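# Report on the structure
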Amino acid sequence: MIRCLPPGPLLIWLLLLVPGPAWAGVDTGRMVDVASMSEHMNLSADLDYVEQSQRVFTLEDLLADQQAGDIPWVQNRPQSLGFGFDTNTFWFRLRVTNSAALPLARLLEIGNPVLDEVLFYQVSASGEILNTARTGDQNPAADRPFFHHNLVLPFTVPAGATQFLYFRVTTGGSLEFPLTLWKPDAFQDRDQAKLLFFGALFGILVVMGLYNFFVYTLFQDRSMVYYSAFSLSLLMFLATIHGFTAQYLWSELTWVRENALVLIIPMTLFFSLMFSRHFLQLQRSHPRLDQLILGLAGLCILLVMAAPFAGYPGLIRLNAAMVIPICLGGIVVGLMRWYNGYQPA
């Protein structure tokens, strides 16, 4: 078995790393009936969006647009919304209706918990603001409208009503905006299975980290302590991109909550590089390659040290740019050493 491939899971997770007169200018076919849905519904293809690049739109502009229809909304068609590393603010719009005879409570789940800020507005057909909420990793988890590792927004649609839902999204990282509509009971049922999966995954990583550290204490093999640190760093990375660290570990630590990824990603890469270097004994077999790996490891440490001083958008781009070359490079070097007869690979 090739044991020099620990960056692989990180690469996967990172790649896997945003009618009538009252409705003038709105596509009447793009409306979600909260009464006719099953347990859940992907809403990405039903969203309209507008980017604040040359013009800044306020909520008042959006309310006026319900009558005038002069904002250049773009209709989204794919099943997911992604805009890459775009620091501009985006507005998203969704039109919902309730054809049932009773009010219906629903949950909106945003599957990207590392968005900096999401402002939510529920607006009636006449332009009255009925519900507002603020969420995102700039908010402590306890202050969010729904305590969850993802960003969840509860709302209720009265019987027979048609309403607008607006989302103002700002982030310094990757702007992905996967939006799912849930019935509350179905959401809780899904969550139980999901938490069981994450509990098993995190438990495996903890056991791997502790086991390899125990191996290090017995045999003094330095590669094992790096592998142990990599396992625990990967655990922290997965827990962060899925919102668990912001929910439980550093909910009240604002700076850490907003900058955790630019600390964890380079440390995870550092430990993977150092494990590969020692485990494959590159200092003896490929000294020039060994020096290159040491240089990349030093760059990872510099990125961690720069986090308190450099801006998050620039650092997250540098970190993302390093992930694929380092992960693929580790795989290639491991295969090369195995091909050349190095049996531990």
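## Some remarks on the overall build of the protein chain
- Across its full length, the protein chain holds 9 helices and 11 strands.
- Taking all 345 residues of the protein chain together, 49% fall into the buried category.
- As displayed, the protein chain has an accessible area near 15900 Å², and 62% of this comes from carbon and sulfur atoms.

## Concerning the nonpolar core
- In terms of nonpolar packing, the biggest core is built from 45 residues, with F202, F237, L238, L261, I265 and L269 touching the most fellow members.
- Breaking this core down by element, the ones donating at least two residues are α3 (184-219), α4 (222-241), α6 (254-279), α8 (287-306) and α9 (312-339).
- Ranked by residue count, the leading element in this core is α6, at 12 residues.
- Counting 29 residues, the second largest nonpolar core, distinct from the first, contains V34, M37, F155 and L181.

## Side note on a nonpolar patch on the surface
- On the surface, a cluster of nonpolar side chains totalling about 360 Å² of accessible area is made up of F147, Y248 and L249.
- By secondary structure assignment, the location of Y248 is in helix α5 (residues 244-249).
- Using a relative accessible area of 56% as the deciding quantity, one classes Y248 as exposed.

## Quick word on the sheet that holds strand β11 (residues 179-182)
- Taken together, the 4 strands give an open sheet; going across it, the order is β2-β11-β6-β9, and neighbouring strands pair in antiparallel fashion. Lying at the two open borders of the sheet, with one neighbouring strand each, are β2 (40-42) and β9 (151-157). Within this sheet the neighbouring strands show an average axis-to-axis angle of 25 degrees, counted without direction.
- Alignment of β2 against β11, held across 3 bridges, turns out to be antiparallel.

## Brief notes about the packing of α6 against α9
- Interhelical geometry of α6 versus α9 gives an angle of 25 degrees and a closest axis separation of 10 Å. Of the possible angle classes, the one that applies to α6 and α9 is roughly parallel. Crossing hand, α6 versus α9: left-handed. Contacts between α6 and α9 involve E258, N259, L261, V262, I265, P266, L269, S272 and L273 from the first element and Y312, L315, I316, N319, M322, V323 and I326 from the second.
- Among the residues making up the contact of α6 with α9, the classes are represented as 12 nonpolar, 3 polar and 1 charged.

## Quick word on the side chain of Q122
- One can find Q122 in strand β7 (residues 117-124).
- The buried category is assigned to Q122, whose relative accessible area is 3%.
- Here Q163 takes part through its side chain, which lies 2.6 Å from a polar atom of the side chain of Q122.
- The contact partners of Q122, leaving out residues within four places of it in the chain, are E128, I129, L130, N131, F155, T156, V157, Q163, F164 and L165.

## Digging into the pairing of strand β3 (residues 48-52)
- By the criterion of burial, β3 is predominantly enclosed, with 4 of the 5 residues buried.
- Sheet topology note: the β3/strand β4 (residues 74-75) ladder contains 2 bridges and is antiparallel. Looking at β4, one finds that D48 is bridged to Q75.
- Pairing of β3 with strand β5 (residues 89-97), which is carried by 5 bridges, proceeds in the antiparallel orientation. When the bridges of β5 are listed, E51 appears paired with F90.

## Focus on the pattern of salt bridges
- Applying the stated criterion across every chain yields a total of 8 salt bridges.
- Across the pair R190 and D191 runs a salt bridge, and its minimum N-O distance is 3.5 Å.
- Here D290 and R277 are joined by a salt bridge, their closest N and O atoms 2.5 Å apart. Here D290 is found in helix α8, whereas its partner R277 is found in helix α6, with 13 residues between them in sequence. Note on accessibility: D290 and R277 belong to one class, buried.
- By sharing partners, the salt bridges in this structure join E109, R190, D191 and K194 into a single network.

## Here's the deal with the pairing of β11
- By the alternation rule, side chains of β11 split into L179 and L181 and T180 and W182, which are all buried.
- With 4 bridges joining them, strand β6 (residues 104-110) and β11 adopt antiparallel strand pairing. The residue of β11 that forms the bridge with I110 is L179.

## Points about the packing of aromatic side chains
- As enumerated under the stated definition, the model contains 22 aromatic pairs in all.
- Through successive ring pairs, a cluster of aromatic residues spans Y49, F90, F92, F120, F155, F167 and F177.

## Topic: the confidence of the model for the protein chain
- In the predicted model, the protein chain carries a mean pLDDT of 87, and the fraction of residues at 70 or more is 90%.
- Confidence over residues 1-29 falls short of pLDDT 50; this stretch has 76 contacts with residues more than four positions distant or in other chains.

Rules used throughout
- Residues numbered from 1 in each chain as written.
- Predicted model: local features only at pLDDT ≥ 70, side-chain atom pairs only at ≥ 80, totals over all residues.
- Heavy atoms only, no water.
- Helix = DSSP H or I, 4+ residues; strand = E, 2+ residues; numbered from the N terminus.
- Buried < 20%, exposed > 50% of the residue type's maximum accessible area, 1.4 Å probe, protein only.
- Areas by Shrake-Rupley, 256 points an atom, 1.4 Å probe, with all protein chains shown as cover.
- Core = buried A, V, L, I, M, F, W, Y, C linked by side-chain atoms within 4.5 Å.
- Patch = residues over 30% accessible without salt bridge, like charges linked within 9 Å, V, L, I, M, F, W, Y side chains within 5 Å.
- Salt bridge = Lys/Arg side-chain N within 4 Å of Asp/Glu carboxyl O.
- Pairing = 2+ DSSP bridges.
- Axes fitted to C-alpha atoms, helices over the stretch in contact; angles between N-to-C directions.
- Parallel < 35°, antiparallel > 145°, perpendicular 65-115°, else oblique.
- Left-handed = near helix turned anticlockwise from the far one by under 90°.
- Contact = heavy atoms within 4.5 Å.
- Nonpolar A, V, L, I, M, F, W, Y, C, P; charged D, E, K, R; others polar.
- Polar contact = N/O pair within 3.5 Å; in protein donor to acceptor, adjacent residues only side chain to side chain.
- Phe/Tyr/Trp six-rings, centres within 6.5 Å; stacked < 30°, edge-to-face > 60°.
- pLDDT = per-residue confidence, 0-100.

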